[in-house]
Amino acid sequence: MRKYYIQLYRHTLSAGDEDAWVDAGALEIHPDLVQQLEEFGIVEIRRGLIPASQAARVQKVLRLRRSLGVNLPGAAIILELLERIEQLQDEIERLKRR
């Protein structure tokens, strides 16, 4: 039985790196899980690559699964709701500064 681990490198993308793609294998998670992440719309995969900006989404989903014990569909829904809350908070802050 093979064990897979995720190794994350935290770094800030420069302004020109929004289009950067990373090898999905570099996430060191089971290939079936990578496929499921794509099926649930958590990440976009093209020729085995995912946008570097979505690596944080993978980290959040795995943390939700590990910490809360939720299944992958549940983690996808929670992630979507958390991102929506962040968008709304940003909008509120923007409106307050007017």
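I will try to describe carefully the structure that is included in this document. All figures in this text were calculated on a predicted structure; none of them were measured in a lab.

1. Section: helix H3 (residues 72-96)
Spanning 25 residues, H3 covers 36 Å between terminal C-alpha atoms, matching the ideal 36 Å at 1.5 Å per step. Along H3, the positions that sit buried rather than exposed are Leu72, Gly74, Ala75, Ala76 and Leu79. Close packing links the buried residues of H3 with helix H1 (31-39) and helix H2 (55-68). Put simply, Asn71 is the residue that caps the front of H3, since its side-chain oxygen is 2.8 Å from the backbone nitrogen of Gly74.

2. Observations regarding the packing of H2 against H3
Orientation of H2 relative to H3, taken along the N-to-C sense of each, is 125°, at an axis distance of 9 Å. Between H2 and H3, the angle is such that the two are oblique. Every pair of crossing elements has a handedness; the one defined by H2 and H3 is right-handed. Contacts between H2 and H3 involve Arg57, Lys60, Val61, Leu64 and Arg65 from the first element and Leu72, Ala75, Ile78, Leu79, Glu83 and Glu86 from the second.

3. Quick look at unusual backbone geometry
One non-glycine residue, Arg47, lies in positive phi territory at about 50°. Locating Arg47 in the fold gives a position in the loop between H1 and strand S2 (49-51).

4. Considering the nonpolar core
Among the nonpolar cores identified, the biggest contains 18 residues, and Ile29, Leu37, Ile42, Val43, Val58 and Val61 are the most heavily contacted of them. For this core, the secondary structure elements donating two or more residues are H1, H2 and H3.

5. Some points on the pattern of salt bridges
When the charged atoms of two side chains with opposite charge come close together, those side chains can pair. What the rule picks out here adds up to five salt bridges. The salt bridge partner of Lys60 is Glu86, with a shortest N-O separation of 3.7 Å. In this pair, Lys60 is assigned in helix H2 and Glu86 in helix H3, connecting sequence segments 26 residues apart. Classification of Lys60 as partly exposed rests on a relative accessible area of 29%. Relative accessible area serves as the criterion here: at 39%, Glu86 is assigned to the partly exposed category.

Cut-off values and rules
Residues numbered from 1 in each chain as written. Predicted model: local features only at pLDDT ≥ 70, side-chain atom pairs only at ≥ 80, totals over all residues. Heavy atoms only, no water. Helix = DSSP H or I, 4+ residues; strand = E, 2+ residues; numbered from the N terminus. Expected span 1.5 Å × (residues − 1). Buried < 20%, exposed > 50% of the residue type's maximum accessible area, 1.4 Å probe, protein only. Contact = heavy atoms within 4.5 Å. Polar contact = N/O pair within 3.5 Å; in protein donor to acceptor, adjacent residues only side chain to side chain. Axes fitted to C-alpha atoms, helices over the stretch in contact; angles between N-to-C directions. Parallel < 35°, antiparallel > 145°, perpendicular 65-115°, else oblique. Left-handed = near helix turned anticlockwise from the far one by under 90°. Core = buried A, V, L, I, M, F, W, Y, C linked by side-chain atoms within 4.5 Å. Salt bridge = Lys/Arg side-chain N within 4 Å of Asp/Glu carboxyl O.

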